[in-house]
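# Examination of the molecular architecture
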Amino acid sequence: MKKWWHNKVAYQIYPKSFCDTNADGIGDLKGIISKLDYLKDLGIDIIWLSPIYCSPMVDQGYDISDYYNIDPSFGTMDDMETLLEEAKKRNMYIIMDLVVNHCSDKHEWFKKALEDPDGEYGKYFYIREGKGDNPPCNWRSYFGGSVWEKIPNTNKYYFHSFAKEQPDLNWENPKVKEEIYKMINWWLDKGLAGFRIDAIINIKKDLSFQDFEADGEDGLCDISKMLNKAQGIGDMLKELKRETFDKYDAFTVGEVFNAKEGELGKFIGEDGYFSSIFDFDMEVLGQEQSNRWYLNKEFTTNELREVIFKSQLEALGIGFKANIIENNDEPRGVSRYIKAGECNDTSKKALAITEVMRRGIPFIYQGEEIGMTNNNLDSIDKFNDISTIENYDRAIKEGFSKEEALKLVNKFSRDNGRTPFQWNDSINAGFTEGTPWLGVNKNYKEINVESQLNDKNSVLSFHKELIKLRKSEEYSEAIVYGDFIPDLENYDNVISFYRKGKDKNLMVIINYQNKKQMIDFEEKYKMLINNYGYVEIDNNKLMLEPYQGIVVEIL
Ligand code: TEU
Ligand code: CA
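Residues numbered from 1 in each chain as written. Chains lettered and ligands numbered in written order. Predicted model: local features only at pLDDT ≥ 70, side-chain atom pairs only at ≥ 80, totals over all residues. Heavy atoms only, no water.

### Structural notes on the pattern of salt bridges
Applying the stated criterion across every chain, the model contains 49 salt bridges. The closest approach of N and O atoms between Glu288 and Lys297, which form a salt bridge, is 3.2 Å. Overlapping salt bridges bring together Arg140, Asp215, Asp218, Lys225, Arg292, Arg394 and Glu398 as one network. (Salt bridge = Lys/Arg side-chain N within 4 Å of Asp/Glu carboxyl O.)

### Digging into the sheet that holds strand S22 (residues 541-544)
The 3 strands lie next to each other as S19-S22-S21, forming an open sheet whose pairing is antiparallel. Every other strand in the sheet has two partners, leaving strand S19 (517-520) and strand S21 (536-537) as the edge strands with one partner each. Two strands pair when backbone bridges link them, and S19 and S22 are joined in this way by 4 bridges, in the antiparallel orientation. In the strand pairing of S22, Ile519 is matched with Leu542. (Pairing = 2+ DSSP bridges. Helix = DSSP H or I, 4+ residues; strand = E, 2+ residues; numbered from the N terminus.)

### Focus: the site of ligand 1
Neighbouring residues of ligand 1: 16 residues in total, closest Asp59, Asp198, Asn291, Asp329 and Arg414. With respect to ligand 1, the side chain of Arg196 contributes an N or O atom lying 3.0 Å from an oxygen atom. Asn328 places a side-chain nitrogen or oxygen 3.2 Å from an oxygen atom of ligand 1. Look at ligand 1: alone it shows 490 Å² of surface, and the protein chains cover 96% of it. Among the residues forming the shell around ligand 1, the class breakdown is 4 nonpolar, 5 polar and 7 charged. (Near = heavy atom within 4 Å. Polar contact = N/O pair within 3.5 Å; in protein donor to acceptor, adjacent residues only side chain to side chain. Areas by Shrake-Rupley, 256 points an atom, 1.4 Å probe, with all protein chains shown as cover. Nonpolar A, V, L, I, M, F, W, Y, C, P; charged D, E, K, R; others polar.)

### Here's the deal with the pairing of strand S1 (residues 10-13)
A regular strand places its side chains so that they alternate between the two faces of the sheet. Side chains of S1 alternate between two faces, with Ala10 and Gln12 and Tyr11 and Ile13 buried alike. By the bridge criterion, 3 bridges tie S1 to strand S15 (residues 361-365) in an arrangement that is parallel. Note that in S15 the partner of Tyr11 across the bridge is Ile364. Relative to strand S2 (residues 46-49), S1 runs parallel, the two being bridged by 4 bridges. Note that in S2 the partner of Ala10 across the bridge is Ile46. (Buried < 20%, exposed > 50% of the residue type's maximum accessible area, 1.4 Å probe, protein only.)

### Comments concerning helix H5 (residues 174-189)
Spacing of three or four residues puts side chains on the same side of an α-helix, whose turn is 3.6 residues. With 16 residues, H5 extends 22 Å between its outermost C-alpha atoms, agreeing within 8% with the 22 Å of an ideal straight helix rising 1.5 Å per residue. Buried residues of H5: Val176, Lys177, Ile180, Tyr181, Met183, Ile184, Asn185, Trp187 and Leu188, and no others. Its buried side turned inward, H5 meets strand S3 (53-54), strand S4 (66-70), helix H3 (77-89), strand S5 (93-98), strand S10 (194-197) and helix H7 (233-243). The N-capping residue of H5, defined by a side-chain oxygen 2.9 Å from the backbone nitrogen of Lys175, is Asn173. Backbone geometry just downstream of H5 places Gly191 in the positive-phi region, at approximately 115°. (Expected span 1.5 Å × (residues − 1). Contact = heavy atoms within 4.5 Å.)

The structure is reproduced here in C-alpha cells:
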C-alpha cells in the first residue's frame, strides 16, 4: 500500500550547529525557521530535528530532563509552534528525535529515584544490588566503563547503556510505558509528522544481568552480547506503535543496529514496527565493535559496493530503508567513502548519486548537500563530544601513542559532522555573530552555501538536480518504487545498478575510482544526470572519467 512518505526526501538538522540568530554561539529554532526556504528550494520535504528538549547537554540533548519543553538555548515552545506552522505552509513535515531508552539524570523521575531507590520512581529505572563490592554484571556502556553506576550510600547500582548521566528507563514497568506514550501523543497532537527513534533496540534488556566473557583490558564486555540474547523487543515495539504512531499515521524511522538476520519485515514490512529504519550497512563497514574506533579496518570500493547492493536487495519486496551517508554520529561521508587526495567536487557528486538514487528514503545530513568534510584538529582539547574523548583515552590505555590516538579521533569523531554549518565566507561561516560552541571547519571559505547557490556546477546544485529527478513526474515512480538491480559487477570499482519501474528503466553507472574506465555499453539511452559535461562514446563503449557518474534512461 502506498504511504504519504514514500516519495519524500528527508533532511537531518543538528540544531545546535545549524543557524544561530541571537549570537550566543548556539543554533536555534528561529535559525531553522529562517532557513526553511533554503531547504524547500533544495527539495526537502521532511525535516528531522536532533533533540531540542530541555537537557543538561552531557550528550548534546540526547539526555533529556524535560520531554515537554524546549531547551532555552534553542528557543521557546512558541518558536516550535511557529516552526510547525511555517513548515506546514510550505508543505514540509517536521519530525523530532524520540529519545526514550534513557532520560537525563536531571529528569525529575530520576531525582526521585535517587532519593528513594526502593520507591515508586526507583522502579522507573533498572536498579539492582551490587555483587559484593562489584556491580551486578560486567557489561560495558557505549561510552566506555561499566553500564552500572553506584547510588551513593547504598550498595545499589542503576543501569545506563550510554553515559552515566543517561539512566535507562525501565520499559518493563507499565507506568513508564504509559508516561512515554502520553508524551509521544502530546507531541503528535501538536502537529509533528513523526519521529526518528533513538537507540530503540536497547529498550529490551536481558534481565538475568549475567556476565559475559571480557573482551577488553577493562575486564568488561560489549553490550551487544546482551542485546543479541534479549528476547521480546517485538512485543514492546508493537505496543508502542499501536498506542501512539498508528493513531496518527506518523512517519517513524528507527535507529536500529541489531535487527537480526531475516527480521527486516518485522521492522519495516507492511505492518512493521516502524515506517523505516536507517540503513547503517555502509557505516558499520570495517567496524569490529561499535565505539572502539581503533579496531576499525580500511575497506575497498568493491566491498562498499557489495554492502550497498546486499542491503538494497534485502529490502526489496519488504519495505523502505532510510538511506544515509552520514549523520550526527558519523564522520563526514565524503571524507569516509572517498579516498584522501581524491576528494573533490566530482567525487562528491558521484557519492551523492548513491545517496539519492538508491531505493528508500534519502536522509541528507546538514552540510552534506554542499560537501562539508571532516575537520582536522591538532589537539584533543578542541573536541567536545563525550564519545570522542572516551575513544581517545581508551586508545591510549590500550597502547596507542597520543599522535595515533589523535589521528584516530580525527578520522571517526562525531564532532566531524557537528561543526557549524557553512553558510558563507564571512566570519564563523555566517553561522553566528558570537563565538560558536564548536569551532568552524577551516575550509568554510571554499565550502559554503553562498558560493554554491548560483553556481550550476556546484555540489549543492547537483544535489538539487538529483532530487528534482527523483521527484519528477516522469521518473519518480521508477526511483521511488522501482526495482533495484545490480549490474557491471565484473568491473572493479564501478558502482552500477538499474532502477526499473513500471514503464521507465533508469541505469546508474559510477566509475568510483581515480582513473578512467572503459565500459561495454550497447544500450540506447537518454542522459539524465552527469557529473561531467560530457561522456566519451566509442563503438558501443563508454569511456568514463575518474569518478564520473551518470544516470541514464534506457530507451
Ligand atoms: O546513537 C545510538 C548509537 O548506537 C550510538 O552509540 C552510536 O553507535 C555512536 O554514537 C557512535 O559513536 C544515538 C544518537 O544518535 C547519539 O548521538 C546518542 O549519543 C545516543 O543515541 C544516545 O542517546
Ligand atoms: Ca542561539
